[in-house]
Amino acid sequence: MSQKSITIPQDFILGAASSAWQTEGWSGKKEGQDSYMDIWYKNDRHVWHEGYGPALATDLYNRYREEVALMKQAGLTHYRTSINWSRFFTDYEKGVVDEEYARYYDNFIDEMLAAGIEPMICLEHYELPAYLFENYGGWASKKVVELFALYAEKVFERYHHKVSRWFTFNEPIVVQTRVYLDALRWPYEQNTSTWMQWNHHKNLATAKVVKLFREKGYTGSVGAILNPEVTYPRSSAPHDVKAAEMYDLFYNRVFLDPMVHGRYPQALVALLEQHGVQWDYSADELALIRDNTVDELGINLYYPHRVKAPSRAWNPQTPFHPAYYYEPFELPGRRMNKSRGWEIYPRIIYDMAMRIKNDYRNIPWFIAESGMGIENEGQFRNAEGVIQDDYRIGFISEHLYQTLLAREAGANCQGYMLWAFTDNVSPMNAFKNRYGLIEIDLQNNRARRAKKSAGWYRALRETRTLTLNIDDDWK
Ligand code: BG6
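Predicted model only: the values in this text are computed from it and were never measured.

Trainee: I would appreciate a short explanation of the overall build of the protein chain in the present structure.
Mentor: Secondary structure assignment for the protein chain yields 14 helices and 19 strands. Taken against the 2.2 N^0.38 rule, which gives 23 Å for 475 residues, the C-alpha radius of gyration of the protein chain at 22 Å falls within 12% of a compact globule. Once the C-alpha set of the protein chain is aligned to its principal axes, its extents read approximately 60 × 60 × 45 Å. In the protein chain, which comprises 475 residues, the proportion classed as buried is 59%.

Structure below.
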């Protein structure tokens, strides 16, 4: 075991993240203001862990003052959340702001600013209005791209003098991949063309919003929060390497390239055509994407992704899916977070940092989500009732260490944000895997209680030094 210490630069973000739908609850929500997540939950509650969902969530809508006081106690420099598009308007087509909901955000943001915590706001963390999903097919429609730009315009108008770091989407690939590619989520359709159309329209929407923000002359930046998976091939053999490259092309480069370089990879466009994937795009749209790349990226990284070459021929009856080119690979002996079923491999952060440095013009970026979800955390409670989450402290230490090493090696990395500030509702997993620095007590009216990690996080902020033990002995 060796002990290492590394300095955390003064301007380095030490924050935490969350989203509107995963925290606020339905208090004050009006008829017709459901989001995609709300209708999925309403239509398919049985797949949500123990029936928990967005209905009450952490009741943040009523408890944001208490929450901000806890953020201050935990030493957060920044907090990232979303505004809930489905609740921000009473009419999505005319852009009529719901004053009651907007006032909640006015107050919440003011409270953060007064506490010295910088809010970072995402415009969509899966909160596509159900109305737009049902009436236009959601992101399959160009009309929805227009209406998103209208929403961004109204949000910027109201908050540009208070918030300077904006993000269009959180993990823009996720909903359509789960619904249209893998058919794992309501409404369980399988349609690869629809998947690609959603991808394209989210890239287009990002470019439109970047353009709008610049034309208005607002101070600040517009970025996006992506979840590229660091994908390692099983072996160095060309067929396995190709499997990893294909995975990267379909799931990572489909957003990274247009958002940072302003163009889709030629190889991707050619493969989509070869496999009969139809998506509607025009030369004007591609030009808009080319001319309006993002200012910065938030990167969500939880686990490494490993693939190998497919071992069987593709079933010709099955519509094209990128899995045509790869199969998942499990590394024997891998370190696991057993609650979540995810491998733990902190090196992903350093590897992603070097990728951004070398292949993505060293654009400014930060870790927007990293964290450890653990089931039944109550078992780790001490006599005073405080959860002793040393495993989380260890996880953050190792991942933050890799982030800081990458920065020392020239990565343009601006910070580290933990997922999540409090325990909250994940899609389907609901409160199953607890991620927070702050516990949410479901048996006691969503009461908040700081875990051991909250005090440790605060000390990081105060000392600006990370000290950790590295298990490197030959035993
Ligand atoms: C991230 C999402 O990918 O994973 C979050 O951005 C989500 O919204 C988080 O809550 C954790 O998910 P899970 O399923 O492990 O609880």
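Anyway, onward from the coordinates.
Trainee: Looking at this model, I keep getting lost on the packing of aromatic side chains. Mind explaining?
Mentor: Applying the stated criterion across every chain, the model contains 56 aromatic pairs. Ring geometry for phenylalanine 156 and phenylalanine 213: centres 5.0 Å apart, planes at 75°, overall edge-to-face. You can see phenylalanine 156 sitting in helix 6 (residues 142-159) and its partner phenylalanine 213 sitting in helix 8 (residues 192-216), a full 57 residues away along the chain. Classification of phenylalanine 156 by relative accessible area gives buried; the value is 0%. A relative accessible area of 3% places phenylalanine 213 in the buried class. Judged by centre distance (6.4 Å) and plane angle (45°), the ring pair of tryptophan 456 and tyrosine 457 falls under tilted. Given a relative accessible area of 1%, tyrosine 457 falls into the buried group. A network of ring pairs unites the aromatic residues Trp21, Trp26, Tyr36, Trp40, Tyr41, Trp48, Phe133, Tyr180, Trp186 and Trp198 as a single cluster. When the ring centre of tryptophan 26 is taken as reference, the NZ or CZ atom of lysine 42 above it lies at 5.1 Å. For arginine 340, the ring lying beneath its charged end belongs to tryptophan 342, and the centroid distance is 3.8 Å.

Trainee: Can you help me understand unusual backbone geometry in this one?
Mentor: For residues other than glycine, phi is negative in most cases, and the peptide bonds are mostly trans. Cis geometry marks the peptide bond from tryptophan 186 to proline 187; its omega dihedral reads 5°. Tracing the chain through its elements places proline 187 in the loop between helix 7 (174-181) and helix 8. Notably, alanine 57 is not glycine yet its phi reads approximately 50°, a positive angle. Of note in the backbone geometry, aspartate 59 takes a positive phi value of approximately 60° without being a glycine.

Trainee: How do you make sense of the packing of helix 7 against helix 8 when you look at a structure like this?
Mentor: Each pair of packed helices can be summarised by the angle the axes make with each other and by the distance between the axes. At their nearest, the axes of helix 7 and helix 8 sit 8 Å apart, and the two run at 170° to each other. Considering the angle they form, helix 7 stands roughly antiparallel to helix 8. Residue-level inspection shows Val175, Gln176, Thr177, Tyr180 and Leu181 of helix 7 in contact with helix 8, the latter providing Thr192, Thr194, Trp195, Trp198, Asn199 and Lys202.

Trainee: Sorry, what's going on with the site of the ligand here?
Mentor: Around the ligand, a shell composed of 14 residues is seen, among which Gln22, Arg340, Ser426, Asn429 and Tyr435 lie nearest. Taking serine 426, its side chain carries an N or O atom lying 2.5 Å from an oxygen atom of the ligand. Protein burial of the ligand: of its 400 Å² of free accessible surface, 93% is covered by the chains. Considered class by class, the residues forming the shell around the ligand number five nonpolar, six polar and three charged.

Trainee: Would you explain the pattern of salt bridges in this entry?
Mentor: Where charged atoms of side chains with opposite charge meet at close range, the side chains can pair. Summed over all chains, the structure comprises 42 salt bridges. Arginine 80 is the salt-bridge partner of glutamate 369, the closest N and O atoms lying 2.9 Å from each other. You can see glutamate 369 sitting in strand 15 (residues 365-369) and its partner arginine 80 sitting in strand 3 (residues 78-82), a full 289 residues away along the chain. With a relative accessible area of 0%, arginine 80 lands in the buried category. Between arginine 306 and glutamate 343 there is a salt bridge, and its shortest N-O distance comes to 2.7 Å.

Trainee: Explain the sheet that holds strand 12 (residues 327-328) here, please?
Mentor: Backbone hydrogen bonds hold the strands of a sheet together, and the pairing may be parallel or antiparallel. One open sheet holds the three strands; their spatial order is 9-11-12, and the pairing between them is mixed. The strands lining the two open edges of the sheet, one partner per strand, are strand 9 (231-233) and strand 12. The pairing of strand 11 (residues 305-308) with strand 12 spans two bridges and is antiparallel. Within strand 12, the position partnered with lysine 308 by the bridge is glutamate 327. The sheet strands contacting helix 9 (residues 238-261) are strand 9 and strand 11, and the helix crosses strand 9 at an angle near 165°.

Trainee: Would you mind showing me how to read helix 2 (residues 60-73) here?
Mentor: Helical geometry note: an α-helix holds 3.6 residues per turn, so side chains three or four residues apart project in the same direction. An ideal rise of 1.5 Å per residue puts 20 Å on 14 residues; helix 2 reaches only 17 Å between its terminal C-alpha atoms. Among all positions of helix 2, only Leu60, Tyr61, Arg63, Tyr64, Glu67, Val68, Leu70 and Met71 are buried. The first or second residue beyond helix 2 is glycine 75, which carries a positive phi of 80°.

The rules behind these values
Residues numbered from 1 in each chain as written. Predicted model: local features only at pLDDT ≥ 70, side-chain atom pairs only at ≥ 80, totals over all residues. Heavy atoms only, no water. Helix = DSSP H or I, 4+ residues; strand = E, 2+ residues; numbered from the N terminus. Rg over C-alpha atoms; globule rule 2.2 N^0.38 Å. Buried < 20%, exposed > 50% of the residue type's maximum accessible area, 1.4 Å probe, protein only. Phe/Tyr/Trp six-rings, centres within 6.5 Å; stacked < 30°, edge-to-face > 60°. Lys NZ or Arg CZ within 6 Å of the ring centre and 35° of its normal. Axes fitted to C-alpha atoms, helices over the stretch in contact; angles between N-to-C directions. Parallel < 35°, antiparallel > 145°, perpendicular 65-115°, else oblique. Contact = heavy atoms within 4.5 Å. Near = heavy atom within 4 Å. Polar contact = N/O pair within 3.5 Å; in protein donor to acceptor, adjacent residues only side chain to side chain. Areas by Shrake-Rupley, 256 points an atom, 1.4 Å probe, with all protein chains shown as cover. Nonpolar A, V, L, I, M, F, W, Y, C, P; charged D, E, K, R; others polar. Salt bridge = Lys/Arg side-chain N within 4 Å of Asp/Glu carboxyl O. Pairing = 2+ DSSP bridges. Expected span 1.5 Å × (residues − 1).

So yeah, pure geometry; function would need other evidence.
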